[in-house]
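# Structural features, examined
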Amino acid sequence: MKVTIVGAGNVGATCADAIAYRRIASEIVLLDIREGFAEGKALDIMQTQTTLGFNTKVSGSTNDYSKTAGSDVVVITSGIPRKPGMTREELIGINAGIVKSVAESLLQHSPNAIVVVVSNPMDTMTYLTLKATGLPKNRVIGMGGALDSSRFKTYLSQALDKPANDIHGMVIGGHGDTTMIPLTRLAAYNGVPVSEFLSAEKLDKVAADTMVGGATLTALLGTSAWYAPGASVAYLVDSILNDQKKMIPCSVFLEGEYGQSDICIGVPCIIGKNGIEKIVDIDLNADEKAKFAKSADAVRAMNADLKSVLA
Ligand SMILES: NC(=O)c1ccc[n+]([C@@H]2O[C@H](COP(=O)([O-])OP(=O)(O)OC[C@H]3O[C@@H](n4cnc5c(N)ncnc54)[C@H](O)[C@@H]3O)[C@@H](O)[C@H]2O)c1
């Protein structure tokens, strides 16, 4: 079981670390364009082997894709964050160029790999990867909903003052502050709807905190978060490599599900050895349906900025 992670920055390296110490894969390759950076991160992780008790082989590479050959899963975290004065279109243009060329290079050496897209704006980068590579839709998975759901469950557990692992909940829709939809109606504490314990006002606050979860961390850290994003990628990769068939909200290409087509956006999926094994088309109520349609409109508007890259 071999995993390649492109981008050995905060999210990529944390993801490699989690995959290694949880023994999810037997081999991990970290790749970055920064000379020596991926090699350094890989060596540092390897030196935790004896203290953490794993034997996963972790190696680094400066842009040499031959080292990634035969990967079962490839994860794309390469990209740049938005800089002051940069328009959204400029950011999309730069990251789209990076993601497209990285995806193509990866597939030259690992033609059967399942591709996990993390780079932002993630739903748009997932759509780009699917269109640019021509891969079947089960093999292109955008990671965002797993992270947003973990934040949702954390805020719910704090509001309830109950253990986080007794809480179930999902966030669907676009992976953005204004586009994600925490499904408070379906969230549960050990099978009991959380609305039995929390007032509507408290649930609204949990949803609002979840939606700005990423921005809250960026304000505190000065850059975007990495522990929960890296762990969420590892959780997704685990379900693929070990064919766990977990239901995880992921950004996937829709063809009529949830009333949407020709878009990648977050919906619950069964994740196994074939990537997206099934899209779970749950019944949303009228309010959730309206929010989902609005979210899809926003994601579609971003996808429009891809025209020059996809031309
Ligand atoms: N989907 C999510 O839930 C989620 C969560 C957090 C961050 N992100 C996104 O993930 C991406 C990475 O975030 P980060 O905090 O790790 O950033 P980072 O700057 O720490 O790491 C990015 C790395 O990508 C490398 N890189 C850039 N261009 C490359 C190329 N062409 N080939 C190989 N490597 C290249 C850089 O050298 C850098 O080391 C960002 O786009 C961020 O917005 C997504």
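Residues numbered from 1 in each chain as written. Predicted model: local features only at pLDDT ≥ 70, side-chain atom pairs only at ≥ 80, totals over all residues. Heavy atoms only, no water.

Let me state the cut-off plainly: UniProt positions are given in the numbering used here, feature names are shortened, and annotations may be inferred rather than shown by experiment.
Under an unreviewed UniProt entry, the name given to the protein is Malate dehydrogenase, and the source organism is Flavobacterium lacus. Looking at the protein in UniProt, the text filed under Sequence similarities (unreviewed entry) is "Belongs to the LDH/MDH superfamily. MDH type 3 family." Per UniProt, the comment on the protein under Catalytic activity (unreviewed entry) is "(S)-malate + NAD(+) = oxaloacetate + NADH + H(+)".

## Some points on the UniProt feature "binding site: NAD(+)" (unreviewed entry) in the protein
Stated formally: By definition, residues are in contact when any of their heavy atoms lie within 4.5 Å. In DSSP terms, a helix is any run of H or I states spanning at least four residues, a strand is any run of E spanning at least two, and both are numbered starting from the N terminus.
Feature annotation in UniProt places "binding site: NAD(+)" (unreviewed entry) on Gly7, Ala8, Gly9, Asn10, Val11, Gly12, Asp32, Asn95, Val118, Ser119 and Asn120, given in this structure's numbering. With sequence-adjacent residues up to four places away left out, Ala8 is seen in contact with Ala13, Leu30, Leu31, Asp32, Phe37, Ala38 and Lys41. Of note, Val11 is situated in helix α1 (residues 10-21). Those residues in contact with Val11 that sit more than four places away from it in its chain are Thr77, Val118, Ala225, Trp226, Pro229 and Gly230.

## Side note on helix α10 (residues 286-303)
Put simply, the rule reads: To estimate the expected span of a helix, subtract one from its residue number and multiply by 1.5 Å. Under the scheme applied here, a residue whose accessible area is under 20% of the maximum for its type counts as buried, over 50% as exposed, and between as partly exposed, the area being computed with a 1.4 Å probe on protein chains only. Relevant arc is that of directions from the helix axis to the C-beta atoms, nothing else. We define a polar contact as two N or O atoms separated by no more than 3.5 Å, with the added condition that, inside protein, one atom must be a possible hydrogen donor and the other a possible acceptor, whereas residues neighbouring each other in sequence contribute only through side-chain atom pairs.
Look at α10: 26 Å from first C-alpha to last across 18 residues, which is about the 26 Å you get at 1.5 Å a residue. Among the residues making up α10, those that are buried are Glu288, Phe292, Ser295, Ala296, Val299 and Asn303. Along the long axis of α10, the arc covered by the buried residues comes to 105°, so they all point the same way. Facing away from the buried side of α10 by over 90 degrees, the exposed positions are Ala286, Lys294 and Asp297. In the core, the buried residues of α10 are packed alongside α5 (122-133), β8 (171-173), β9 (180-182), β12 (246-255), β13 (261-272) and α11 (307-310). Sitting at the head of α10, Asn285 places a side-chain oxygen 3.2 Å from the backbone nitrogen of Asp287.

## Comments concerning the domain arrangement of the protein
We apply this condition: Throughout, the edges of the domains are those of an automatic or database domain assignment. When two components associate, each loses some accessible surface as probed by a 1.4 Å sphere; the sum of these losses over both components is called the buried area. One speaks of a salt bridge when a side-chain nitrogen belonging to Lys or Arg is within 4 Å of a carboxyl oxygen belonging to Asp or Glu.
Domain parsing of the protein yields domain 1 (2-144) and domain 2 (145-310). Its C-alpha centre places domain 1 at a distance of 21 Å from the equivalent point of domain 2. Taken residue by residue, the interface counts 39 residues in domain 1 and 47 residues in domain 2. Of the roughly 3,500 Å² buried at the junction of domain 1 and domain 2 (both faces included), carbon and sulfur atoms supply 70%. Per-residue buried area on domain 1 facing domain 2 is highest for Asp123, Tyr127 and Lys137; these three make up 18% of the total on that side. For the pair domain 1 and domain 2, the interface holds four salt bridges. Among the salt bridges present, the one from Lys137 reaches Glu257, with a minimum N-O distance of 3.7 Å. Viewed at the interface, domain 2 and domain 1 are joined by 13 residue pairs in polar contact (both at pLDDT 80 or more).

## Some thoughts on the site of the ligand
The criterion, for reference: The criterion for a residue being near a molecule or strand is simple. One of its heavy atoms has to lie within 4 Å of it. To measure how exposed things are, a 1.4 Å probe is used in the Shrake-Rupley method; for residues, cover is taken only from the protein chains shown. Classification convention: Asp, Glu, Lys, Arg as charged; Ala, Val, Leu, Ile, Met, Phe, Trp, Tyr, Cys, Pro as nonpolar; all other residues, Gly among them, as polar.
Taken together, the neighbourhood of the ligand is formed by 24 residues, with Asn10, Val11, Asp32, Asn120 and Met143 sitting nearest. A distance of 2.8 Å is found between an oxygen atom of the ligand and a backbone nitrogen or oxygen belonging to Val11. A total of 860 Å² of accessible area belongs to the ligand in isolation, and the protein chains cover 85% of it. Contributions of two or more residues to the shell around the ligand are made by α1 and α4 (88-109). A class-by-class count of the residues in the shell around the ligand yields 12 nonpolar, 11 polar and one charged.

## Quick notes on the packing of aromatic side chains
The criterion, for reference: The criterion for an aromatic pair is that two Phe, Tyr or Trp rings (for Trp, the six-membered ring) have centres within 6.5 Å, with stacked assigned to planes under 30 degrees apart, edge-to-face to planes over 60 apart and tilted to the rest. Should the NZ of a Lys or the CZ of an Arg lie within 6 Å of a ring centre and within 35 degrees of the ring normal, that charge is described as sitting over the ring.
Counted under the stated rule, the structure contains three aromatic pairs. Their ring planes at 45° and their centres at 5.7 Å tell us that Trp226 and Tyr227 sit as a pair that is tilted. Looking at Trp226, the relative accessible area reads 21%, which means it is partly exposed. Sitting above the plane of the Phe37 ring, Arg34 keeps its charged end 3.9 Å from the centroid.

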